[in-house]
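Below, each chain spelled out in residue letters.
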Amino acid sequence: MLHWGYDEHNGPAHWKEVFPVANGDRQSPIDIKTEETKYDPSLRPLNPNYDPASAKIILNNGHSTSVEFDDTVNKSVLTGGPLSGTYRLRQIHFHWGSNDEAGSEHAVDGMKYAAELHVVHWNSEKYSSFVEAARQSDGLAVMAVFLQIGECNPQLNKITDRLDTIRIKGKRALFTNFDPSCLLPKSLDYWTYFGSLTVPPLLESVIWIVLREPISVCSEQSAFVRLTAMRMDLGLTFWFKIPASQRQDIVQLAKFRSLLSTAEDEVACCLLRNYRPPQPLKGREVRRN
Ligand SMILES: [Zn+2]
């Protein structure tokens, strides 16, 4: 495995070869069995408090698309919920699948959603940087939001409308004046458990906060998705085939799937899916508020 990714030769099943913690005791994601979660009256409401001015850039890192925030000061923070102290917003990114039946990382009673948003924060009260915090058991707090196929989500357009400009790995563009709480559902009720990053190096430093209510995303018929994959081989994009009048409405998820995992000087290849499957619970407790 030269470079980790989501393909046959370098996907999640291979990560343990280079990152042995992949078999560790608090790996993520997990399948949340709702009947086995434990109501914990001491869990407080979540309190996200984000400043739109801290959004900086949107980029394609070859594994996902992310929006990066200025985290040099406590401008945008998450408090409350299961957290002690203040966690500073670092970035948000998405996981999706090659079709609408899978794409989320966490599952709920065995059911997967079409995609999942991760809002990544680090413990700025105890640690001095994201890198330092990522190695501590209470270093990171990631809020997960499920995306369910349904109505097009106008808030999500703020991101999907920009993906055309960052299709190639390594591309970045300015992305300012954005408050990620516009992507959160009405209810901030959640499940919480101790887990890990879901991408290498899979560090076991994440307090997961998985929101129970999904937000909506629109896709298109799966035939269109396959069309995207085929066209990619030819170096074309399927946008040419969709009337301009319809583009906005049908293809939020397709826009994620049209991103490339390859850089400018490489043979173009696609990022049709980027999720890790659920990992063993290994005796961990999942609590709910
Ligand atoms: Zn993630």
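Everything that follows concerns the structure shown earlier in this document.
All values reported here derive from a predicted model rather than from experimental measurement. (Residues numbered from 1 in each chain as written. Predicted model: local features only at pLDDT ≥ 70, side-chain atom pairs only at ≥ 80, totals over all residues.)

Our next topic: the overall build of the chain. Helices and strands together make up the secondary structure of the chain, namely six helices and 16 strands. The buried share among the 289 residues of the chain stands at 43%. Across the chain, every contact between residues at least 6 apart in sequence was considered, and the portion connecting residues at least 24 apart equals 72%. (Helix = DSSP H or I, 4+ residues; strand = E, 2+ residues; numbered from the N terminus. Buried ≥ 20, exposed ≤ 12 C-beta atoms within 10 Å, placed from the backbone. Contact = placed C-beta atoms within 7 Å.)

For A107, the location among the structural elements is in strand β8 (residues 107–108). Residues A107 and K33, 74 residues apart in the sequence, show an inter-C-alpha distance of 8.5 Å. Each residue touching A107, except ones within four places of it in the same chain, is listed here: D31, I32, K112 and P278.

To continue, consider the environment of I32. With respect to the helices and strands, I32 occurs in strand β1 (residues 31–32). Along the backbone, I32 and V286 are 254 residues apart, and their C-alpha atoms lie at a distance of 7.5 Å. Among residues more than four places away in sequence, those in contact with I32 are T37, H106, A107, V108, W191, V210 and V286.

Next up on the list: the pairing of strand β3 (residues 46–49). Here β3 shows a clear split, with L46 and P48 buried on one side and none of N47 and N49 buried on the other. In terms of strand pairing, β3 meets strand β6 (residues 77–80) through four bridges, oriented antiparallel. Its bridge partner lying in β6, L46 is registered against G80. (Pairing = 2+ DSSP bridges.)

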